[in-house]
Amino acid sequence: MRKYLFLASVSLFSSTAFAQSKESEDPAIVLADTVRPTVTVTANGLGTNVENTGQAVTVLDRAEIVAVQGADATRVLERTPGLSFSRSGGVGGFTAVNIRGANGEQLLVLVDGVRVADPAAPGGGFDFGNLLLGTAGKLDILRGSNSTIWGSDAIGGVIDISTRGETGASGNVEYGARDTLFASAAGGLSGKGYYAGLTGSWYRTDGFSTAASGSEPDGFEQVALGGQLFVDVTSNLEVFAHANWSEGDLDLDGFPPPTYAFADTLETQKTRRHWGDLGFAFYGNDLTLRGAYSLSDTERDNRDASGATTFASDGHSQRVSLRGEYRAIGPVTVAFGAEQEWTDYAASFSPAGEADIFGAYVQLGFVMGRVAAHVGSRVDDHSLFGSNASYGADLSYGFGDDWRLRASLGEGFKAPTVFQLLSDFGNPLLQPEESTSFDLGLEKGTRGRGTHLALTAFRRDSEDLIGFLSCFGLNGGICTDRPFGTYDNTARARAQGIEAEAGFDLAPGLRLAGVYSFIDTEDRTTGLELARRPRHTATLFADYEAPFGLKLGTDLRLVGASYDDAGNAVRLDGYEVLDLRAAMPLSEAIEIYGRIENVFDADYQTVAGYASPGRGAFVGVRARM
């Protein structure tokens, strides 16, 4: 039973890590909801202890998600160094997550190992407005380029979200400001040779006016379901499946006549998503294999006040993959993998398009005692732009009293989207965006336990960045047959800075922690700062648990000023947001909780002209069977 609970909580990619830890009967690995996971899948694609990689990784488990409370993923993600976000309005509004100054479209996002970005979106990024935390079990975040393992999109980093998996049944319901109601539940059954789990959530809110100048509230509602199944065929062979679905309705503001300024409207957007996979995992004495078929589909419909559809799109992807690791001799391992992906899209006012890409990689690893090193390379071949090669290496060296020196060097690339290549604005000659990143860090201890300190310096250089070019008044060259504009590889960028983390147990039951990031970004074509990339961000958080069970917590988010536009003409002021939290168990099975978000009612914007939530109070109850 432990096997399935662990797999459900740390994503299917970590199957090998469990097989190894099960043989050694590692006492640190029990249930995901009682012990913080120590496994990351974003570093090498198959699962490894975070201390056995030189890459910068943050793991946020279900216990931390529950402690922070609520459905909004950004309130948990803010505890990651180097991470910032911009959101167009409230929960459900378009949300871009930036890691180390990379834009949101240069971040690979996986759910249970399945790519979930929308191929119909012009930039092919993932909208974190669609991610609510009711069905999430863990957030595994890698900072830095890693296309050697993951292929396209892994320029800024990788985020893998695991679906909740637990035996028995648990759930919560909460109500609060802006007539917001959020409920989630999860349950699972396990026996000899199988685990089956189901989870779901429902969220609705009246919201507030998305337009900062408006007064008409813009609401959001989403229903999400997820399921997973693991079955042992033999003692060495396991089959698995994931299936997920969500549907959301979002109220929008727009640019109504006669002024065509951003203001209240009655426009809406419906988003329907489904994704999942089916595969197997094989655990031999020296060989581990994982193969899977996965798919993802995102449909969007924009409607005007009368309910008529004004724009519709459908992005679809399918992928077949095989990953493996062979223990060659002693501490030396050979990891390898290959995958084929097919993407297509259809959208209003644009011809449909499709493309495919094949990639394969190999990575040599060495782990002995407190020393771990990896070096690898990858080649991808795209049906339209041709081939691209990526390389990467990392080193972790443990010394002294729980100290560790880590370093990584990685290359990343992002394939042009099908829209950028084949739409009416497309340019079939586009080349992939490319990056080279490196970081060097010193760390003591483990995040979330005892004394934890970490300091990381990083730098990433990107080139051939794809931008949109206006063709107004032009009728030749790249603008031929593109009167409204087209895409081209024109830009270069650099991001460099420092990330700091600290955590201390100050007294029994009392822990204080925080993260700080300084990120200096530059558009190397213009010399200006990249839009919506604050130089300074920090999150301070404290938690206290009394002997009789009362839990108190606070989170303070500080964000420096930035610019809303590439020309650095529109300034976004810095802001501070304070949240307070409390929870009290009434019995072993029932807990009541509550929080106040934005205690001082800070007025701020992360996208110019778009409002952010003011002060709000929420109360809820959790139950477990």
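Scroll up a little and you will see the structure.
Along every chain, residues carry numbers that run from 1 in the direction the sequence is written. Selection of residues for local features in this predicted model requires a pLDDT of at least 70, selection of side-chain atom pairs for listing and counting requires 80 or more, and totals for whole chains, interfaces and linings are taken over all residues. Only hydrogens and water are removed before side-chain values are computed, so all heavy atoms of the structure are retained for them.

Some remarks on the overall build of the protein chain
What counts as a helix is a DSSP run of H or I of at least four residues, what counts as a strand is a run of E of at least two, and both are numbered from the N terminus. Counting secondary structure elements, the protein chain contains six helices and 33 strands. Radius of gyration here uses only the C-alpha atoms, and the compact-globule reference equals 2.2 Å multiplied by the residue count raised to the power 0.38. The C-alpha radius of gyration of the protein chain comes to 23 Å, within 12% of the 25 Å expected for a compact globule of 625 residues. Seen through its C-alpha atoms, the protein chain measures out along the principal axes to roughly 70 × 55 × 45 Å. Note on contacts: a residue pair qualifies if any of its non-hydrogen atoms lie within 4.5 Å across the two residues. Long-range contacts, defined as pairs at least 24 residues apart, comprise 60% of the intrachain contacts of the protein chain with a sequence gap of at least 6. Per element, the accessible surface of the protein chain, about 24,900 Å² overall, is 61% carbon and sulfur. When the 51 positive and 80 negative side-chain charges of the protein chain are each reduced to one mean point, those points stand 6 Å apart. With residues, only the protein chains shown are counted as cover, and all accessible areas are computed by Shrake-Rupley using a 1.4 Å probe. Residues scored as charged are limited to Lys and Arg (positive) and Asp and Glu (negative), so that His and the chain ends carry no count. Every charge is mapped to an atom, namely NZ of Lys, CZ of Arg, CG of Asp or CD of Glu.

Points about the side chain of Asn44
Mapped onto the fold, Asn44 is located in the loop between β1 (39-40) and β2 (48-49). A distance of 3.0 Å separates a polar side-chain atom of Asn44 from the backbone nitrogen of Leu46. Here a polar contact means two N or O atoms within 3.5 Å. Within protein one must be a hydrogen donor candidate and the other an acceptor candidate, and residues neighboring in sequence count only if both atoms are side-chain atoms. At a separation of 3.1 Å, a polar atom in the side chain of Asn44 contacts the main-chain amide nitrogen of Gly47. In this view, Asn44 contacts Ile149, Tyr361 and Gln363; residues no more than four positions away in its chain are not counted.

Some words on the nonpolar core
Ranked by internal contacts, the top residues of the largest apolar core, which has 25 residues, are Leu77, Val97, Phe128, Leu139, Ile159 and Ile161. Breaking this core down by element, the ones donating at least two residues are α3 (62-68), α4 (74-77), β4 (83-87), β5 (95-99), β6 (107-111), β8 (136-143) and β9 (157-163). Excluding anything up to four places from it in sequence, Val97 contacts Leu77, Leu83, Ser84, Phe85, Asn103, Gly104, Leu107 and Phe128. Counting ten residues, the second largest nonpolar core, distinct from the first, contains Tyr345, Ala347, Ala355 and Val418. Buried Ala, Val, Leu, Ile, Met, Phe, Trp, Tyr and Cys residues that are joined via side-chain atoms within 4.5 Å together make up what is termed a nonpolar core. Buried, partly exposed and exposed residues are distinguished by accessible area as a fraction of the type maximum, computed with a 1.4 Å probe on protein chains only: under 20%, between the cut-offs, and over 50%, respectively.

What to know about the pattern of salt bridges
By convention in these notes, a salt bridge is any Lys or Arg side-chain nitrogen within 4 Å of a carboxyl oxygen on Asp or Glu. Throughout the structure, instances matching the rule amount to 46 salt bridges. A salt bridge links Arg378 to Glu339; its shortest N-O distance comes to 2.6 Å. In this pair, Arg378 sits in strand β20 (residues 371-382) while Glu339 sits in strand β18 (residues 332-347), placing the two residues 39 residues apart along the sequence. Summarising the burial analysis for this pair, Arg378 and Glu339 share the class buried. Several salt bridges converge on common partners, so that one network encompasses Glu64, Arg79, Arg447, Asp543, Asp555 and Arg581.

Considerations on the state of the cysteines
Whenever a pair of cysteine sulfur atoms sits within 2.5 Å, that pair is classed as a disulfide. Scanning all chains against the criterion turns up one disulfide. Here Cys471 is linked by a disulfide to Cys479, with a sulfur-sulfur distance of 2.1 Å. One quick way to see it: the torsion about the S-S bond of Cys471 and Cys479 is about -80°, and its sign makes the bridge left-handed. Each of the two residues, Cys471 as well as Cys479, counts as buried.

Here's the deal with the pairing of strand β26 (residues 510-523)
Only strands joined by at least two bridges in the DSSP assignment are considered to pair. Here strand β25 (residues 486-507) pairs with β26 via 14 bridges, running antiparallel. In the sheet register, Gly497 faces β26, and the bridge partner there is Ile519. Taking the residues between adjacent antiparallel strands as the criterion, β25 and β26 are bridged by two residues, where Gly509 takes a positive phi near 85°. In this sheet, strand β27 (residues 536-545) lies alongside β26 in antiparallel orientation, the contact comprising nine bridges. Paired with Gly514 across the strands is Leu540, a residue of β27.

Points about the packing of aromatic side chains
Put simply, two rings from Phe, Tyr or Trp (the six-membered ring, in Trp's case) pair if the centres are within 6.5 Å, and we call them stacked under 30 degrees between planes, edge-to-face over 60, tilted for the rest. If you walk through the whole model with that rule in mind, you get 13 aromatic pairs. Here the aromatic rings of Phe262 and Tyr610 are separated by 4.4 Å at their centres, their planes lie at 40°, and the arrangement is tilted. Pair noted here: Phe262 is in the loop between β14 (237-254) and β15 (263-283) and Tyr610 is in the loop between β32 (590-597) and β33 (616-624), with a separation of 348 residues, a long-range link. When its relative accessible area of 15% is taken as the criterion, Phe262 is described as buried. Sitting over a ring, as applied to charges here, requires NZ of Lys or CZ of Arg to be within 6 Å of the ring centre and within 35 degrees of the ring normal. Over the face of the ring belonging to Phe541 we find Arg79, whose NZ or CZ atom lies 4.0 Å from the ring centre. Directly above the aromatic system of Tyr593 lies the positively charged group of Arg622, at a separation of 4.0 Å from the ring centroid.

All we've got here are geometric facts, nothing functional implied.
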